[in-house]
Amino acid sequence: MRYNMFASAFKLLSSTKNNRLLLINGRSLSNATQSDDTSSNNAQLPLPPQDSAKNIYKSEDQQRSLHIAVIGLPNVGKSTFINNVINHRVCPTSAKVHTTRKSNTAICTTGQTQLVFYDTPGLVTQREIRKHHLEQSFRSSYRHAIQHADVIAVMQDVSNSWTRKELHSTVLDTLKAYANIPSFLVLNKIDALKSKRVLLDLIKTLTNDTLSGQRAGKGATRGIAGGDATDQVAEGIPLNKRQTTWDHFDNVFLVSAMTGSGLNELQNYLIGQALPRQWRFASDIHTDASPEALIVESVRARLLDYLPQEIPYNLKCELEYYSLEKHVVYTSVQVQCPTERIERLICGESNGKLRQITERVTSDLVEMFGQAVSLTISTVSKGRKSTSADRS
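Residues numbered from 1 in each chain as written. Predicted model: local features only at pLDDT ≥ 70, side-chain atom pairs only at ≥ 80, totals over all residues. Heavy atoms only, no water.

1. A look at the overall build of the protein
Definition in use: Secondary structure counts use DSSP, requiring at least four H or I residues in a row for a helix and at least two E residues in a row for a strand, with both numbered from the N terminus. What makes two residues a contact is simply this: any of their non-hydrogen atoms within 4.5 Å. Computed by Shrake-Rupley with a 1.4 Å probe, the accessible areas treat only the displayed protein chains as cover when residues are assessed.
From N to C terminus, the protein includes 14 helices and 12 strands. Taking contacts inside the protein between residues at least 6 apart in sequence as the whole, the part at least 24 apart equals 71%. Of the roughly 19,800 Å² that the protein leaves accessible, carbon and sulfur atoms contribute 48%.

2. Comments concerning the pairing of strand 10 (residues 328-337)
Going by this rule: Remark: exposure states derive from per-residue accessible area (1.4 Å probe, protein chains only) relative to the maximum for the residue type, with buried under 20%, exposed over 50%, and partly exposed in between. The pairing criterion is simple: DSSP has to find at least two bridges between the two strands.
Within strand 10, 8 of the 10 residues are buried, which leaves it mostly tucked inside the rest of the structure. Where strand 9 (residues 316-325) hands over to strand 10, the hairpin turn is made up of 2 residues, of which K326 adopts a positive phi near 50 degrees. Examined bridge by bridge, strand 10 and strand 11 (residues 372-381) share 10 bridges and lie parallel to one another. Of the residues in strand 11, the one forming a bridge with V335 is T379.

3. Concerning the nonpolar core
Inclusion rule: Here, nonpolar core refers to any group of buried Ala, Val, Leu, Ile, Met, Phe, Trp, Tyr and Cys residues whose side-chain atoms link them within 4.5 Å.
Counting residues in hydrophobic clusters, the biggest one holds 33 residues, and the most contacted among them are I146, I152, V154 and L187. It is helix 9 (residues 196-206) that contributes the most residues to this core, 5 residues altogether. Counting 28 residues, the second-largest nonpolar core is a separate cluster that includes L66, A106, A153 and V255.

4. Some points on the packing of helix 13 (residues 340-347) against helix 14 (residues 352-369)
To keep things clear, this is the line we draw: Fitted lines through C-alpha atoms give the axes, limited to the stretch in contact for helices. The angle between two N-to-C directions lies from 0 to 180 degrees. Gly is placed with the polar residues, together with every amino acid not listed as nonpolar (Ala, Val, Leu, Ile, Met, Phe, Trp, Tyr, Cys and Pro) or charged (Asp, Glu, Lys and Arg).
The N-to-C vectors of helix 13 and helix 14 enclose an angle of 65 degrees; their axes lie 5 Å apart at closest approach. Taken together, the residues of helix 14 that come into contact with helix 13 (itself represented by L345, I346 and C347) are G352, K353, L354 and I357. Of the residues assigned to the contact of helix 13 with helix 14, the class counts are 5 nonpolar, 1 polar and 1 charged.

5. Describing the packing of aromatic side chains
We count it as follows: For Phe, Tyr and Trp, rings pair up if their centres lie within 6.5 Å, where Trp contributes its six-membered ring, and each pair is then called stacked (planes under 30 degrees apart), edge-to-face (over 60) or tilted (otherwise).
In the structure shown here, the tally under the stated rule is 3 aromatic pairs. Geometrically, the ring pair formed by F184 and F253 is edge-to-face, given 5.3 Å between the ring centres and 70 degrees between the ring planes. Separated by 69 residues along the polypeptide, F184 in strand 6 (residues 183-188) and F253 in strand 7 (residues 249-254) bring together distant segments of the chain. This pair shows no difference in class: F184 is buried, exactly as F253 is. The rings of F184, F253 and Y269 are connected pair by pair, giving a single aromatic cluster.

6. Regarding the pattern of salt bridges
Oppositely charged side chains can form a pair if their charged atoms are brought close together. The line we're drawing: Should a side-chain nitrogen of Lys or Arg be within 4 Å of a carboxyl oxygen of Asp or Glu, the pair is scored as a salt bridge.
In the structure shown here, the tally under the stated rule is 9 salt bridges. Among the ionic pairs, R197 bridges to D201, the shortest N-O distance being 3.5 Å. In this pair, R197 and D201 are both assigned in helix 9, 4 residues apart and thus about one turn of the helix distant. With a shortest N-O distance of 3.4 Å, K316 and E318 are connected by a salt bridge. For E318, a relative accessible area of 32% gives the class partly exposed. In the salt-bridge network here, residues are joined through shared partners; they are R89, R302, D305 and D364.

7. Remarks on the packing of helix 12 (residues 291-306) against helix 14
To keep it simple, the criterion reads: By definition in this entry, angles of less than 35 degrees are roughly parallel, angles greater than 145 are roughly antiparallel, angles of 65 to 115 are roughly perpendicular, and the rest are oblique. Crossing handedness: left-handed means the near helix sits turned counterclockwise from the far one by under a right angle, and right-handed means the same turn made clockwise.
Close contact between helix 12 and helix 14 brings their axes to 9 Å; oriented N to C, the two are set at 135 degrees. It follows from the interaxial angle that helix 12 and helix 14 lie oblique. Helix-helix and strand crossings are classified by hand; for helix 12 and helix 14 the assignment is right-handed. Contacts between helix 12 and helix 14 involve P291, L294, I295, S298, V299, R302, L303 and Y306 on the former and, on the latter, K353, Q356, I357, R360, V361, D364, L365, M368 and F369.

8. Digging into the state of the cysteines
Quick note on the threshold: Any two cysteine sulfur atoms within 2.5 Å of one another count as a disulfide.
Inspection of every chain in the model, using the stated rule, returns 0 disulfides. Note on C317: no disulfide assigned, nearest cysteine sulfur contributed by C337 at a separation of 8.9 Å. Of the cysteine sulfurs around C337, a residue in no disulfide, the closest is that of C347, at 7.0 Å.

9. Regarding helix 13
What counts here: The directions considered for the arc run from the helix axis to the C-beta atoms.
Within the span of helix 13, buried status applies to I342, E343, I346 and C347. End-on, the buried residues of helix 13 take up no more than an arc of 135 degrees, which puts them together on one face. Exposed residues pointing more than 90 degrees away from the buried face of helix 13 are listed as R341 and R344. G348 sits one or two residues past helix 13 and shows a positive phi near 75 degrees.

10. Here we look at the environment of K189
Our working definition: The definition of a polar contact used here is a pair of N or O atoms within 3.5 Å, where within protein one atom must be able to donate a hydrogen and the other to accept one, and adjacent residues in sequence count solely through side-chain atom pairs.
Along the chain, the position of K189 falls in the loop between strand 6 and helix 9. With a relative accessible area of 25%, K189 lands in the partly exposed category. When the C-alpha positions of K189 and S159 are compared, they lie 6.0 Å apart, and in sequence the two are 30 residues distant. The residues contacting K189, other than those within four sequence positions of it, are N75, V76, D157, V158, S159, V255 and S256. In this structure the side chain of K189 is engaged in a polar contact, spanning 3.3 Å, whose partner is the backbone oxygen of N75.

What follows is the structure, encoded as structure tokens:
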């Protein structure tokens, strides 16, 4: 069965152009091995009665929804993925890790189906919390998101040759803690790979050569259940025996969140999994976050892009003013700096860098709100306001 699964997957990959998405489902691939006669007979089966649960599930006038928690290591592309799936900018993004500091909610309503995505902070260890000055609630926010989700999407960065062949211990611990919730694997940044064979090898490795809980056999190595990598080292377990895979993914997707390749097909899959129930949000909103919170997070994200090393993690952003007048957003954000030296670094020569940051954030906010934005960013050190830049 495993041979047929990956032979079929390879055939699909080979015939796919422009890095389109590949959805691999162990059950569907297994069914593909049935004879044409069997498939034909199944296609001619009569439809269930109109009052059956299946028809209620597919009813055109029945509201449906699906809540998806997106988890993974920092900087694997979770926020970019969600923004592009819903085709709306609601999750701040940057090139640095830990841009997302708390769970964000993104909503996409299509027809009678509402998809609710929970963008979670990157899964971290206690050491990383101390290093990047993260809030202690950092680790609990993703748990809260998962507890409200119907399904878990695990994102893996396939462009990172150092980490792509293993699921991190923090990811595995999370999956084991919520093993009752269905999950699927999203291999992101496939546009960075030239060899399709690498993707097939990753699928086999990360799923332990199995999908939907269908093991390769009783003798298959599933790793060491329970505990993280540190515990396993303490117990003297060899490196090659520690758990690095997950046996219970329902599906595997190959996508590029940056280019958008495969995202439409993934969205269609999620719509097909939606449950019949009332929507949680109105159909015309894309996030439950307030405009004020989105503005502050957008400023902080761009500071991460424009400032080196650990400097932006030590800054504090506060909203000074927000108003919506005649379809124009007027707002001001203050950046509190620990020293005058860092304040000068943010402002740059003749205030040039601060103007660049302000211009970039303004562009983000125009895309986010769909309205004109007049933004002022000011800096302060030791309680003394010194410099500001505005952009309309």
